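Single-letter residue listing:
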Amino acid sequence: GENVEQHPSTLSVQEGDSAVIKCTYSDSASNYFPWYKQELGKRPQLIIDIRSNVGEKKDQRIAVTLNKTAKHFSLHITETQPEDSAVYFCAASSGNQFYFGTGTSLTVIP
Amino acid sequence: GAVVSQHPSWVICKSGTSVKIECRSLDFQATTMFWYRQFPKQSLMLMATSNEGSKATYEQGVEKDKFLINHASLTLSTLTVTSAHPEDSSFYICSARDADGRRGYTFGSGTRLTVV
């Protein structure tokens, strides 16, 4: 199956700085790459996603980039705020497969 | 928007008993259902993928006779943890996808299973 690696596992940034989380995947058939924010014991919340026919997508302070050739994609959060502190997961899917990365615990320091 | 209802939200059972978890898609047809297990401070680990009317495909290391998955209709999938043991205690969550995937993936609210 697909192997999704995510780095870093923990990330601390000062409020107002940018945060970048990176993921790599192994299955070239993967064509959908969502990012989730998850609170403890709750369902993952989709924050942004990108499909393989697009290289970049932005939604206010959040952006995702995709390099299909290199099989990696990244989440960029600008102007971070304390409420951005959470665990973030990337995922990769080919339709009949849907795998998560290992997660990144982001802490935004006021 | 798409909604998946998952029940129960939490359950405590005795070791050796079986527990059934249900996921229902309320306003769309869940052609494919993904079942995950999540231990504390870890990622969501895919256990199995099921397509309506077909047998589930299990990930390596997941016992299909212990984790029974049924996906007999386009709106209901169930996961039964048979002969549960304390090490099965975890957060189980489903995710549904419709046929063309345009809705993305819709998650249930999760089930916290504690085996005592």
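Residues numbered from 1 in each chain as written. Chains lettered and ligands numbered in written order. Predicted model: local features only at pLDDT ≥ 70, side-chain atom pairs only at ≥ 80, totals over all residues. Heavy atoms only, no water.

K.L.:
What's the story with the state of the cysteines in this structure? I'm lost.
P.N.:
Two cysteines form a disulfide when their sulfur atoms are joined by a covalent bond. Per the stated rule, a full pass over the model turns up two disulfides over all chains. A sulfur-sulfur separation of 1.9 Å characterises the disulfide bridge that pairs A:C23 with A:C90. Sign of the S-S torsion, about -95° for the bond between A:C23 and A:C90, identifies this disulfide as left-handed. One end of the pair, A:C23, is in strand β3 (residues 19-24); the other, A:C90, is in strand β9 (residues 86-93), and 67 residues separate them in sequence. Comparing A:C23 with A:C90, the two get one shared label, buried. For B:C23, the disulfide goes to B:C94, at an S-S distance of 1.9 Å. Here the S-S torsion is close to -100°, and the disulfide linking B:C23 with B:C94 is therefore left-handed. One end of the pair, B:C23, is in strand β3 (residues 19-25); the other, B:C94, is in strand β9 (residues 90-97), and 71 residues separate them in sequence. Since its relative accessible area comes to 0%, B:C23 is described here as buried. B:C13 forms no disulfide, and the closest cysteine sulfur to it belongs to B:C23, at a distance of 17 Å. (Disulfide = S-S within 2.5 Å. Helix = DSSP H or I, 4+ residues; strand = E, 2+ residues; numbered from the N terminus. Buried < 20%, exposed > 50% of the residue type's maximum accessible area, 1.4 Å probe, protein only.)

K.L.:
Got a minute to help me understand the packing of aromatic side chains in this structure?
P.N.:
Aromatic ring pairs are described here by two measures, namely the spacing of the ring centres and the angle between the planes. Taken as a whole, this structure holds 19 aromatic pairs over all chains when the rule is applied. Both rings, one in A:F100 and one in B:Y36, keep their centres 5.2 Å apart while their planes meet at 85°; by these two values the pair is edge-to-face. With A:F100 in strand β10 (residues 98-100) and B:Y36 in strand β4 (residues 32-38), this pair bridges two chains. Summarising the burial analysis for this pair, A:F100 and B:Y36 share the class buried. Grouped by ring-pair contacts, the aromatic residues A:Y32, A:Y36, A:F89, A:F98, A:F100, B:F34, B:Y36, B:Y105 and B:F107 constitute a single cluster. Residue placement shows B:K66 over the ring face of B:F67; its charged tip is 5.8 Å from the ring centre. (Phe/Tyr/Trp six-rings, centres within 6.5 Å; stacked < 30°, edge-to-face > 60°. Lys NZ or Arg CZ within 6 Å of the ring centre and 35° of its normal.)

None of this, on its own, says anything about what the molecule does.
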